[in-house]
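Chains, contacts and geometry: an overview
One letter stands for each residue in the lines below.
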Amino acid sequence: MYSRRQRANRQPVFLDRLSCELRREFDEIAPVYARVRPASEAVLQTLHTFLLSHKGMTVLEIGCGTGNYAIALTSTDASIWGVDFSLGMLAVARRRGKGRRVTWVCGHAEQLPFRDASFDFVFNVDLVHLVAQRRTMFIEALRVLRYGGVLCTVTKKHEHIRRRLLARYFPSITRVNTERFPHLWEITRVLRKVGFHRITWSTVTHEIPVTPAYLESVRWKTDSVLRRIPEREFREGLAAFERDAKSGTLLRQSARVFIWAHAPGQCGSTL
Ligand SMILES: C[S@@+](CC[C@H](N)C(=O)[O-])C[C@H]1O[C@@H](n2cnc3c(N)ncnc32)[C@H](O)[C@@H]1O
């Protein structure tokens, strides 16, 4: 996808050890992930509303995983692209999205395999805490965005992390996640530094029941934080969680923050 000149000027980005491990983890859990980690309805609705109010956009999801969002958004008139570094996750996305208008590409968030100014809207969901060089990822997002384009980063606030139901059963996840997830102000500062402007945010929070699929996603550690706590804590926490979930009345909070940032563009741009 690069022009010859761009390719000549770009140095390859090598995955560090932790990113290689992470990619291997996602390769392994891909089939289970697709089964037990559906899209968040609230996130989908926000992205959907945005795309419906901006006609005919070219859209990229970075870290598209098994295609939860990219596939659902084909119900709009946007042209959708999904990029991910895990071939396992992409294979599942391709299968699930068969016949839908999504172009799947294997690539690294820190070196996106697209030409400059290719997209009107770039978004990522539950990715930013996993990327080693966030600044580089945002520079890349800005590079592939068109004049006046929009980047939306969907992540969790520390306040959401502390309030998670799972933290009652697996206490270490709060520490691990507050270390991994950047603060909202950190993300905002980096976005501003790399050249984005008009940065705003909004939050969605709602309570949803603990379903059998959610229990299974915990059992399979599809949330990578569960792979980063002691095995004994995991086993004991899981037993207690399964016991409490049997009542069928457990509720968990699904919460995300949307960080909207604009690429430089015309004053009064419609995006
Ligand atoms: C938690 S999953 C989220 C998937 C999807 N956005 C969703 O919400 O269903 C994170 C995804 O990001 C991908 N990922 C993590 N780091 C990446 C990187 N540096 N470059 C490209 N993809 C990456 C993983 O392979 C995984 O598919």
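Remember, predicted model here, so these are calculated numbers, not experimental data.

Let us look at the overall build of the protein. Along its length, the protein carries 12 helices and seven strands. Radius of gyration (C-alpha) of the protein: 19 Å, near the 18 Å computed for a compact globule of 271 residues. A principal-axis box enclosing the C-alpha atoms of the protein has dimensions of 55 × 40 × 35 Å. Partitioning the contacts of the protein with sequence separation of at least 6, the portion at a separation of at least 24 is 75%.

On to the pairing of strand 4 (residues 119–125), then. Within strand 4, seven of the seven residues are buried, which leaves the element mostly enclosed by the surrounding structure. Pairing analysis gives three bridges linking strand 1 (residues 58–62) to strand 4, with the strands arranged parallel. Pairing of L60 across the sheet is with V122, part of strand 4. As defined by bridge partners, strand 4 adjoins strand 5 (residues 145–155) across six bridges and the pair is classed as parallel. Residue pairing for strand 5: N124 is matched across the bridge by T153. Once the chain exits strand 4 it traverses helix 6 (residues 134–144) before rejoining the sheet at strand 5, and the crossover so formed is right-handed.

Bringing the packing of helix 2 (residues 17–36) against helix 5 (residues 87–96) into the picture now. Where helix 2 meets helix 5, the axes come as close as 7 Å, and the angle between the chain directions of the two elements is 30°. With respect to helix 5, the element helix 2 is oriented roughly parallel. Facing helix 2, whose interface residues are F26, D27, E28, A30, P31, Y33 and A34, helix 5 presents L87, G88, M89, A91, V92 and R96. Grouping the constituent residues of the contact of helix 2 with helix 5 by class yields nine nonpolar, one polar and three charged.

The next subject is helix 3 (residues 41–52). Count 3.6 residues to each turn of an α-helix, and residues three or four apart come out pointing the same way. The end-to-end C-alpha distance of helix 3, which contains 12 residues, comes to 16 Å, matching closely the 16 Å that a straight helix rising 1.5 Å per residue would cover. When helix 3 is considered as a whole, its buried residues turn out to be V43, L47, F50 and L51. Down the axis of helix 3, the buried set is contained in an arc of 95°. They therefore lie on one face. When the buried face of helix 3 is taken as reference, the exposed residues oriented beyond 90 degrees from it are Q45, T49 and L52. For helix 3, the elements touching its buried residues are strand 1, helix 4 (68–72), strand 4, strand 5, strand 6 (197–209) and strand 7 (251–262).

Turning our eyes to something else, we now look at the nonpolar core. Counting 51 residues, the largest nonpolar core has V59, L60, L73, V122, A141 and L151 as its most contacted members. Setting aside residues no more than four positions away along its own chain, L151 makes contact with V122, A141, L145, F196 and A261. Counting 11 residues, the second largest nonpolar core, distinct from the first, contains L166, Y169, I173 and V218.

Sheet strands line up and pair through hydrogen bonds in the backbone, either parallel or antiparallel. Pairing in this open sheet of seven strands is mixed, and the strands run 3-2-1-4-5-7-6 from one edge to the other. Among the strands making up the open sheet, the edge pair consists of strand 3 (102–106) and strand 6. The mean angle between the axes of side-by-side strands here comes to 20°, regardless of whether they run parallel or antiparallel. Bridge count between strand 5 and strand 7: six bridges; the pairing is antiparallel. Each residue of the ladder has a partner; that of V150, found in strand 7, is H262. Lying on the sheet, helix 5 is in contact with strand 2 (79–84) and strand 3; it crosses strand 3 at an angle near 165°. Its contacts with the sheet place helix 10 (residues 184–194) against strand 5, strand 6 and strand 7, and it is angled at close to 20° to strand 7.

A few words now on the confidence of the model for the protein. Per-residue confidence for the protein gives a mean pLDDT of 93, with 93% of residues at or over 70. Below a pLDDT of 50 lies the segment residues 1–8, which in the model reaches seven contacts outside its immediate sequence neighbourhood of four places, other chains included.

Reading guide: rules and limits
Residues numbered from 1 in each chain as written. Predicted model: local features only at pLDDT ≥ 70, side-chain atom pairs only at ≥ 80, totals over all residues. Helix = DSSP H or I, 4+ residues; strand = E, 2+ residues; numbered from the N terminus. Rg over C-alpha atoms; globule rule 2.2 N^0.38 Å. Contact = placed C-beta atoms within 7 Å. Buried ≥ 20, exposed ≤ 12 C-beta atoms within 10 Å, placed from the backbone. Pairing = 2+ DSSP bridges. Right-handed = clockwise from strand over helix to strand, strands pointing away. Axes fitted to C-alpha atoms, helices over the stretch in contact; angles between N-to-C directions. Parallel < 35°, antiparallel > 145°, perpendicular 65-115°, else oblique. Nonpolar A, V, L, I, M, F, W, Y, C, P; charged D, E, K, R; others polar. Expected span 1.5 Å × (residues − 1). Arc of directions from axis to C-beta. Core = buried A, V, L, I, M, F, W, Y, C linked by C-beta atoms within 7 Å. pLDDT = per-residue confidence, 0-100.

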